[in-house]
Number of protein chains: 2
Amino acid sequence: MKEHNDIITLAHGAGARRTSALIDEVFQPVLQLPTQDDGAEIDHRLVVTTDAFVVRPLLFPGGDIGKLAVCGVINDIAVQGATPRWLTACFILEEGLPIETLRQVVESMARTARAAGVQVVAGDTKVVERGHGDGIFISMTGIGQLPPKLELGVGRICHGDQILLNGTLGDHAVAIANAREGLGLDPPPQSDCAPLHTLTAALLSAPGVVFMRDATRGGLATVCNEVADATGLGIVLDETQLPVNPRTAHVCELLGLDPLYLANEGKLAAICRPDATAHLELMKQHPLGANAAAVGTVSDQVRGVWVRTAIGGLRPLPMLDADMLPRIC
Amino acid sequence: MKEHNDIITLAHGAGARRTSALIDEVFQPVLQLPTQDDGAEIDHRLVVTTDAFVVRPLLFPGGDIGKLAVCGVINDIAVQGATPRWLTACFILEEGLPIETLRQVVESMARTARAAGVQVVAGDTKVVERGHGDGIFISMTGIGQLPPKLELGVGRICHGDQILLNGTLGDHAVAIANAREGLGLDPPPQSDCAPLHTLTAALLSAPGVVFMRDATRGGLATVCNEVADATGLGIVLDETQLPVNPRTAHVCELLGLDPLYLANEGKLAAICRPDATAHLELMKQHPLGANAAAVGTVSDQVRGVWVRTAIGGLRPLPMLDADMLPRIC
């Protein structure tokens with residue numbers, strides 16, 4: 001049995017001594033918040049984004065909820081064309097959580113943020129009773145700086161634009177499914193969890209990027225459907241060009257999953273013109289774009305989202321009612 | 001039994017159609033987010049703060065978790081001397097939550113934000129399985145603008161400074177205790193939950209404010225202990241000057257609680273000089289400061305926090321290990 005001091009108790013979230021001790025022992029040495037006040041001063045032309053993370057299990061091959069939170073928020077900022085700069089983190093902890101688990105997560109969060117050049121500037125922790133939470137939930141807010149004059153958005157998408165993807169689909173979802181459901185794959189598949197802001201910066205060095213979106217919950221299919229809905233234009237994906245790791249494809253076949261709908265945590269779709277050759281080359285030169293591909297085109301000749309199959313037919317790719325796997329991020 | 005459409009299901013958090021429907025039906029009409037993208041652009045000289053809210057029950061006399069989140073974050077910004085401008089909100093919902101409850105909370109959040117002149121600019125929702133959450137958890141981040149040249153901070157506190165409080169202690173905690181534990185008080189005591197940014201703006205119109213802090217979890221006693229710890233100075237509170245609602249005092253006696261340690265959600269301590277008469281007057285003229293009082297002084301003649309009793313003795317007011325009531329905010 002664990003010692004009382006090794007588990008999170010309600011006292012750790014009560015705002016009194018035990019909270020201070022937890023901050024001093026676990027959060028502060030790792031995150032190195034610039035101040036222990038509730039707020040921090042920041043400055044000028046900015047975007048802000050926020051996300052809650054409830055992934056299960058908390059630690060998985062290729063990442064953990066702390067790394068995932070930082071990457072998720074960085075990616076939301078990066079696809080807007082901004083440079084991620086500051087993060088805030090809220091933790092909702094379940095009574096009984098081993099402090100060691102929390103420590104691992106906080107360290108991973110700090111490491112990922114530091115490597116990405118972003119700073120965690122404020123945080124908060126609450127604790128709920130055993131059975132009223134699930135280990136660790138994290139909410140993270142990010143603030144980034146937009147370069148002058150950059151304009152991205154669905155409103156700029158036109159017929160003929162190319163859709164690029166920076167690598168294989170579905171790896172995060174399959175890693176989580178294997179870890180959670182005990183599929184027993186050996187070696188275990190790895191999540192693609194990664195911060196994409198240097199990739200987006202590289203892409204934006206060439207003119208003609210009109211829109212970017214990270215393909216998380218709901219996968220590439222959901223991104224494409226959102227674009228089709230917002231623009232009234234159609235999207236045709238080329239099945240033969242969709243990069244899927246053979247191992248991921250195999251798991252998907254076994255479980256009846258479609259990698260187009262599965263969550264990724266290190267993949268983005270970029271819509272570019274005129275022919276996107278330069279953009280594809282920039283992606284391929286980046287470590288997170290080795291398997292990049294031009295996977296489809298925007299078209300005013302169809303409505304909705306379609307996949308052109310290897311034998312030349314078109315199958316519809318509708319928005320699903322629900323994600324195939326819950327608690328994926 | 002409720003219809004399937006009246007309860008939150010896992011599909012509502014899955015990032016697909018049901019999520020869009022929930023946003024369109026519940027969040028968007030009420031919060032009126034300026035964009036449905038994951039981020040929003042904001043601008044210049046700023047402070048940022050973040051807080052998670054896990055209060056139980058979700059709705060209580062005088063407020064609810066939505067109003068509480070907005071007030072809590074506004075107050076964290078306001079006590080830094082800044083004007084609250086933008087908020088982001090993350091919701092972690094439990095499967096089985098009635099949508100009507102969520103709607104009430106979101107509406108209350110929006111109403112409170114609108115009345116305070118702040119804008120919710122981004123949000124996110126996740127859903128966890130029944131028994132892995134507790135109705136609604138909210139994480140909220142706020143961004144505010146600092147006026148030029150304002151400098152507040154514990155480092156500016158000196159011997160002789162006065163401590164002002166804008167009203168009665170412990171009302172939020174007693175309202176929650178009554179609602180949660182079924183104490184049966186009739187009429188039920190009301191939380192003091194309120195946004196304090198206009199009060200802080202009024203206070204700052206007079207020179208001599210050196211530090212402000214809202215007295216939430218852990219109450220005024222915890223604020224004073226944090227100041228004493230940070231400065232090495234002592235604090236002496238005057239028991240005869242501490243404003244406590246008679247009904248709150250009565251409940252505290254019955255339950256063995258000390259209002260000095262109880263959470264407030266519409267109270268702040270302001271440390272002012274030279275004699276704080278003008279500041280006290282400004283507080284009293286504000287609707288949220290009718291019961292304001294000068295409750296103590298900062299002293300280099302003692303260490304730690306003390307209460308001067310009605311008969312002239314000094315009793316210590318140490319930091320407690322844990323809050324007296326969990327899940328208070």
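No experiment lies behind these values; they were computed from the predicted model shown.

(A) Molecular detail of the overall build of chain A. Looking only at helices and strands, chain A features eight helices and 14 strands. The burial tally for chain A puts 59% of its 329 residues in the buried class. Counting contacts in chain A only where the partners sit at least 6 residues apart, residues at least 24 apart contribute 86% of the total.

(B) A look at the sheet that holds strand 13 (residues 305–308) of chain B. All names here are of chain B. Within the open sheet, the seven strands sit side by side as 9-11-8-12-10-13-14. Their pairing is mixed. The two strands at the open ends of the sheet, each matched to only one other strand, are strand 9 (209–214) and strand 14 (314–316). Each strand of the sheet is rotated relative to its neighbour by a mean of 25°, with strand direction disregarded. In this sheet, strand 12 (residues 293–299) lies alongside strand 10 (residues 234–238) in antiparallel orientation, the contact comprising four bridges. Bridged to Ile235 within strand 12 is Val298.

(C) Molecular detail of the packing of helix 2 (residues 65–78) of chain B against helix 3 (residues 99–116) of chain B. Residue and element names in this part refer to chain B. The geometry of helix 2 relative to helix 3 is characterised by a closest axis approach of 6 Å and an angle of 35° between their N-to-C directions. Listed contacts from helix 3 to Ile65, Gly66, Lys67, Val70, Cys71 and Ile74 of helix 2 are Val105, Ser108, Met109, Thr112, Ala113 and Ala116. Counted by class, the contact of helix 2 with helix 3 contains eight nonpolar, three polar and one charged residues.

(D) Representation of the side chain of B:Arg217 within the structure. Structurally, B:Arg217 is set in the loop between strand 9 and helix 6 (219–231). For B:Arg217, a relative accessible area of 16% translates into the label buried. Here A:Asp124 takes part through its side chain, which lies 3.1 Å from a polar atom of the side chain of B:Arg217.

(E) Representation of the environment of A:Glu94 within the structure. Residue and element names in this part refer to chain A. Along the polypeptide, Glu94 turns up in strand 5 (residues 83–94). In this structure Glu94 comes out as buried when scored by relative accessible area, which is 16%. The spatial distance from the C-alpha of Glu94 to the C-alpha of Gly135 is 4.9 Å, given a sequence separation of 41 residues. Polar side-chain contacts of Glu94 include one of 2.8 Å to the backbone nitrogen of Gly131.

(F) Summary view of the confidence of the model for chain A. Residues and elements named next belong to chain A. With 86% of its residues at a pLDDT of at least 70, chain A reaches an overall mean of 88. The low-confidence segment residues 35–42 (pLDDT under 50) makes 30 contacts with residues lying over four places distant or belonging to another chain. Under the prediction, the complex receives an ipTM of 0.89, its pTM being 0.89.

(G) A look at helix 2 (residues 65–78) of chain A. All names here are of chain A. The end-to-end C-alpha separation of helix 2 is 19 Å, in line with the 20 Å expected for 14 residues at 1.5 Å each. For helix 2, the buried fraction is high: 13 of the 14 residues fall into the buried class. Two or three places before Gly66, at the start of helix 2, stands the capping residue Asp64, its side-chain oxygen 2.7 Å from that residue's backbone nitrogen.

(H) Region of interest: the packing of aromatic side chains. Under the counting rule described, the total for this entry stands at one aromatic pair over all chains. Measuring from ring centre to ring centre gives 6.2 Å for A:Phe137 and B:Phe137, while their planes differ by 45°; the resulting arrangement is tilted. Separated into two different chains, A:Phe137 in strand 7 (residues 136–145) and B:Phe137 in strand 7 (residues 136–145) make up a pair that spans both. Just as A:Phe137 is buried, B:Phe137 falls in that class too. Over the ring of B:Phe53 we find A:Lys126; its NZ or CZ atom is 5.5 Å from the centre of that ring.

(I) Inspection of the sheet that holds strand 11 (residues 268–272) of chain A at higher detail. All names here are of chain A. The seven strands are arranged 9-11-8-12-10-13-14 in an open sheet whose pairing can be described as mixed. A strand with exactly one partner marks an edge of an open sheet, and here the two such strands are strand 9 (209–214) and strand 14 (314–316). For this sheet, the mean angle separating the axes of adjacent strands, direction not counted, is 25°. Inspection of the sheet shows strand 10 (residues 234–238) paired to strand 13 (residues 305–308) by four bridges, in the parallel sense. Residue pairing across strands places Leu237 opposite Val307, the latter belonging to strand 13.

(J) A nonpolar patch on the surface, seen in detail. Together, A:Leu183, A:Leu254 and A:Leu255 give the surface a local cluster of nonpolar side chains, amounting to about 280 Å² of exposed area. For A:Leu254, the location among the structural elements is in helix 7 (residues 246–255).

(K) Expanded view of the environment of A:Ala278. By the element assignment, A:Ala278 lies in helix 8 (residues 277–285). Separated by 71 residues in sequence, A:Ala278 and A:Pro207 have C-alpha atoms that sit 9.3 Å apart.

(L) Seen up close, the pairing of strand 11 (residues 268–272) of chain B. All names here are of chain B. Judged by how many residues are buried, strand 11 sits mostly within the fold: five of five residues are covered. The alternating pattern of strand 11 places Leu268, Ala270 and Cys272 and Ala269 and Ile271 on opposite faces, both of which are buried. Note: strand 8 (residues 162–165) against strand 11, four bridges, orientation antiparallel. In the sheet register, Ile163 faces strand 11, and the bridge partner there is Ile271. Pairing between strand 9 and strand 11: five bridges, direction antiparallel. Each residue of the ladder has a partner; that of Val209, found in strand 11, is Cys272.

(M) Summary view of the pattern of salt bridges. Residue and element names in this part refer to chain A. Under the definition given, this model contains 26 salt bridges over all chains. Between Lys267 and Asp192 there is a salt bridge whose closest N-O contact spans 3.0 Å. Taken together, the residues span a long stretch of sequence, with Lys267 in the loop between helix 7 and strand 11 and Asp192 in the loop between helix 4 (171–181) and helix 5 (197–203) at a distance of 75 residues. With respect to class, Lys267 is no different from Asp192; both count as buried.

(N) The arrangement of the side chain of A:Thr248 in detail. Here A:Thr248 shows up in helix 7. With sequence-adjacent residues up to four places away left out, A:Thr248 is seen in contact with A:Leu169, A:Gly170, A:Asp171 and A:Val174.

(O) Structural context of unusual backbone geometry. In this structure, A:Pro274 follows A:Arg273 across a cis peptide bond, with omega equal to -5°. Considering the arrangement of structural elements, one finds A:Pro274 in the loop between strand 11 and helix 8. Even without being a glycine, B:Ala276 presents a positive backbone phi close to 70°. Position of B:Ala276 among the secondary structure elements: in the loop between strand 11 and helix 8 (277–285).

(P) Up close: the environment of A:Val105. Residues and elements named next belong to chain A. One can find Val105 in helix 3 (residues 99–116). Looking at Val105, the relative accessible area reads 0%, which means it is buried. For the pair Val105 and Leu59, spaced 46 residues apart in sequence, the C-alpha to C-alpha distance is 8.0 Å. Residues within four places of Val105 in sequence aside, it is in contact with Leu59, Asp64, Ile65, Gly66, Ile136 and Ile138.

Parameters at a glance
Residues numbered from 1 in each chain as written. Chains lettered and ligands numbered in written order. Predicted model: local features only at pLDDT ≥ 70, side-chain atom pairs only at ≥ 80, totals over all residues. Heavy atoms only, no water. Helix = DSSP H or I, 4+ residues; strand = E, 2+ residues; numbered from the N terminus. Buried < 20%, exposed > 50% of the residue type's maximum accessible area, 1.4 Å probe, protein only. Contact = heavy atoms within 4.5 Å. Pairing = 2+ DSSP bridges. Axes fitted to C-alpha atoms, helices over the stretch in contact; angles between N-to-C directions. Nonpolar A, V, L, I, M, F, W, Y, C, P; charged D, E, K, R; others polar. Polar contact = N/O pair within 3.5 Å; in protein donor to acceptor, adjacent residues only side chain to side chain. pLDDT = per-residue confidence, 0-100. Expected span 1.5 Å × (residues − 1). Phe/Tyr/Trp six-rings, centres within 6.5 Å; stacked < 30°, edge-to-face > 60°. Lys NZ or Arg CZ within 6 Å of the ring centre and 35° of its normal. Patch = residues over 30% accessible without salt bridge, like charges linked within 9 Å, V, L, I, M, F, W, Y side chains within 5 Å. Areas by Shrake-Rupley, 256 points an atom, 1.4 Å probe, with all protein chains shown as cover. Salt bridge = Lys/Arg side-chain N within 4 Å of Asp/Glu carboxyl O.

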